[in-house]
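# Reading the structure
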Amino acid sequence: MEIKVTKTTNPKVKPDGDDLNFGSVFTDHMLLIDYMEGEGWKDARIIPYQDICLDPASSVFHYGVEIFEGMKAYYAPDGRLLLFRPEANAHRLNSSAARLLIPELPVEMFLEGLLALVNLDRDWVPKRQDQSLYIRPFLFATEPQLGVSRSRSYTFCIILSPVGAYYPEGLDPVKIYVETDYARSVQGGTGHIKCGGNYAGSLAAQYKAKQFGYSQVLWLDGAERKYIDEVGTMNVMFVIGDEVLTPELSGTILPGITRDSVLHLLRDWGVRTTERRISLDELLTAAKNGRLREAFGVGTAAVISPIGEFYIRGERYRVGNGHIGLLSQKIYNNLTDIQWGRIQDKFGWTMEVK
Ligand SMILES: *Cc1c(COP(=O)(O)O)cnc(C)c1O
């Protein structure tokens, strides 16, 4: 694939890595690839970061035809710049695309464009401990046509944002609000894909939780509100007895790449892991009788987010002793060591940008 590169003549001042708010500063360049029915994907280009100009009738504005990905680039101590399982993001983008009748973006195109852009803006990747470059690929429908039907034109875009350490003060457990009114997804819906619409629908619950002093929402299944789906923007895992439990990929939760990586690590260590339906009752009973030893969210942004409390219908259930659990900490250390290239990557998960 040929990528036309137009470099900025006006580079921005790079921020000091220590006071970076997540996703608020962007690098000098962006990647764009267009799609037109009958012509396929074309016109791959890297241009200075700038506004996107679209016809107001574009279907992304009216019917939310948009999907996205989230991943990171990391500087290793030996100076290599690394991506973590980028081909998994490319494949997941295509499974999201299939659900919304968006044409598939060839995996090689995704990777080539990604590598070229990150390489060009590599000076933007922060080098201090636990800092990284957040990568946001997204794809939206651009056909100017108000009829509710499959769009015939699309744009794929990647933007980059340097991010500070997610836990500058260590991994303190967060408090979770169990949502029993709003629903995030149901069987047959779009809960298993990364589309903007899922997030639009989740904002009200997130806002409510924040007002009660909770940082994230635990979503229950949309049909019966009996089973556990995921937390906010992360998959969720529980250490009950000496087993690690996580909801199965039933079609209502996002198949997280961090989830998959953590399951691989645990199995490699010989820890018993089970993917199955987990009811809220089972979780709360385990919390009450002391068998729920650890609970944590898993996702690209935070890697591991320990959970210290669940709040449901006026009752609080504590997990652990206010500190991150041993297994949670071990997973966090191991996965971040692989991502930042500090230990040998025996799974072949990292890809060097060069
Ligand atoms: C992105 C996302 C996750 C985590 O996926 P990772 O690939 O691990 O970053 C989990 N749940 C939802 C709803 C998501 O959008």
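Rules used throughout
- Residues numbered from 1 in each chain as written.
- Predicted model: local features only at pLDDT ≥ 70, side-chain atom pairs only at ≥ 80, totals over all residues.
- Heavy atoms only, no water.
- Helix = DSSP H or I, 4+ residues; strand = E, 2+ residues; numbered from the N terminus.
- Rg over C-alpha atoms; globule rule 2.2 N^0.38 Å.
- Buried < 20%, exposed > 50% of the residue type's maximum accessible area, 1.4 Å probe, protein only.
- Contact = heavy atoms within 4.5 Å.
- Areas by Shrake-Rupley, 256 points an atom, 1.4 Å probe, with all protein chains shown as cover.
- Lys, Arg positive; Asp, Glu negative; His and termini not counted.
- Charge placed at Lys NZ, Arg CZ, Asp CG, Glu CD.
- Arc of directions from axis to C-beta.
- Domains from an automatic or database assignment.
- Buried area = accessible area lost by both parts, 1.4 Å probe.
- Salt bridge = Lys/Arg side-chain N within 4 Å of Asp/Glu carboxyl O.
- Near = heavy atom within 4 Å.
- Polar contact = N/O pair within 3.5 Å; in protein donor to acceptor, adjacent residues only side chain to side chain.
- Nonpolar A, V, L, I, M, F, W, Y, C, P; charged D, E, K, R; others polar.
- Axes fitted to C-alpha atoms, helices over the stretch in contact; angles between N-to-C directions.
- Parallel < 35°, antiparallel > 145°, perpendicular 65-115°, else oblique.
- Left-handed = near helix turned anticlockwise from the far one by under 90°.
- Core = buried A, V, L, I, M, F, W, Y, C linked by side-chain atoms within 4.5 Å.

A word on the overall build of the chain. Secondary structure summary: the chain contains 8 helices and 18 strands in total. Its C-alpha atoms give the chain a radius of gyration of 21 Å, within 12% of the compact-globule value 20 Å for 354 residues. Residues counted as buried form 53% of the 354 residues belonging to the chain. Nonlocal contacts in the chain, meaning residues at least 24 apart in sequence, comprise 70% of its contacts between residues at least 6 apart. Counting every atom, the chain has about 16,200 Å² of accessible surface; 49% of that belongs to carbon and sulfur. Each charge class in the chain was averaged separately, 39 positive and 44 negative side chains, and the resulting centres sit 3 Å apart.

What follows covers helix H5 (residues 203-211). Within H5 the residues assigned to the buried category are Ala205, Lys208 and Ala209. Down the axis of H5, the sector holding all buried residues measures 100 degrees, keeping them to one side. Exposed and facing more than 90 degrees away from the buried side of H5 are Leu203, Tyr207, Lys210 and Gln211. Contacts made by the buried residues of H5 are with strand S9 (174-179) and strand S10 (216-220). Gly213 occupies a position one or two residues after H5 and carries a positive phi of about 90 degrees.

Glancing now at the domain arrangement of the chain. Assigned domains of the chain: these are domain 1 (4-164) and domain 2 (174-339). Here the C-alpha centre of domain 2 lies 27 Å away from the C-alpha centre of domain 1. Taken together, the 19 residues of domain 1 in the interface contact 21 residues of domain 2. Roughly 1,700 Å² is buried in total at the junction of domain 1 and domain 2, and carbon and sulfur atoms are behind 60% of that figure. Our enumeration of links across domain 1 and domain 2 arrives at 1 salt bridge. In this structure, Asp260 and Arg85 form a salt bridge, with 2.9 Å as the shortest nitrogen-oxygen distance.

Here we take up the site of the ligand. Around the ligand, 14 residues are found, and the nearest of them are Lys194, Tyr199, Glu230, Thr258 and Thr300. Interatomic distance of 2.5 Å between a side-chain N/O atom of Glu230 and a nitrogen atom of the ligand. With respect to the ligand, the side chain of Thr258 contributes an N or O atom lying 2.6 Å from an oxygen atom. When the free accessible area of the ligand is taken as 390 Å², the share hidden by the protein chains comes to 96%. Its residues assigned to classes, the shell around the ligand shows 4 nonpolar, 6 polar and 4 charged.

Turning our attention to helix H7 (residues 280-288). Along H7, the residues that are buried comprise Leu280, Leu283, Leu284, Ala286 and Ala287. Down the axis of H7, the buried side of the element spans an arc of 160 degrees, and every buried residue falls inside it. What points out from H7, more than 90 degrees from its buried face, is the exposed set Asp281 and Lys288.

A few words on the packing of helix H2 (residues 86-99) against helix H3 (residues 107-120). Contact geometry for H2 and H3: axes closest at 9 Å, N-to-C directions at 130 degrees. Classified by the interaxial angle, the pair formed by H2 and H3 is oblique. Relative to H3, the crossing made by H2 is right-handed. Facing H2, whose interface residues are Pro86, Glu87, Asn89, Ala90, His91, Leu93 and Asn94, H3 presents Val107, Phe110, Leu111 and Leu114. Of the residues in the contact of H2 with H3, the class split is 7 nonpolar, 3 polar and 1 charged.

So, on to unusual backbone geometry. The phi torsion at Arg225 lies on the positive side, around 55 degrees, for a residue other than glycine. Mapping Arg225 onto the fold places it in the loop between S10 and strand S11 (228-231). The exposure class of Arg225 is partly exposed, given its relative accessible area of 23%. Phi at Val303 is positive, roughly 70 degrees, even though this residue is not glycine. Here Val303 is to be found in strand S16 (residues 303-312). Taking the relative accessible area as the measure of exposure, Val303 reaches 4% and is therefore buried.

Running from amino to carboxyl end, helix H6 (residues 257-268) crosses helix H8 (residues 326-339) at an angle of 110 degrees, the nearest separation of the two axes being 11 Å. Considered as vectors, H6 and H8 are oriented roughly perpendicular to each other. In this structure, H6 uses Thr258, Ser261, Val262, Leu265 and Leu266 to contact H8, whose residues at the interface are Leu327, Ile331, Asn334, Leu335 and Ile338. Split into classes, the residues belonging to the contact of H6 with H8 amount to 7 nonpolar, 3 polar and no charged.

This next bit is on the nonpolar core. Leu218, Ile228, Phe238, Val262, Leu292, Ile304 and Phe310 are the most contacted members of the largest nonpolar core, which totals 49 residues. Each residue touching Ile228, except ones within four places of it in the same chain, is listed here: Leu218, Trp219, Leu220, Val236, Phe238, Pro247, Ile278, Ser279, Leu280 and Leu283. Trp41, Met71, Leu81 and Trp124 belong to the second largest nonpolar core, which has 39 residues in total.

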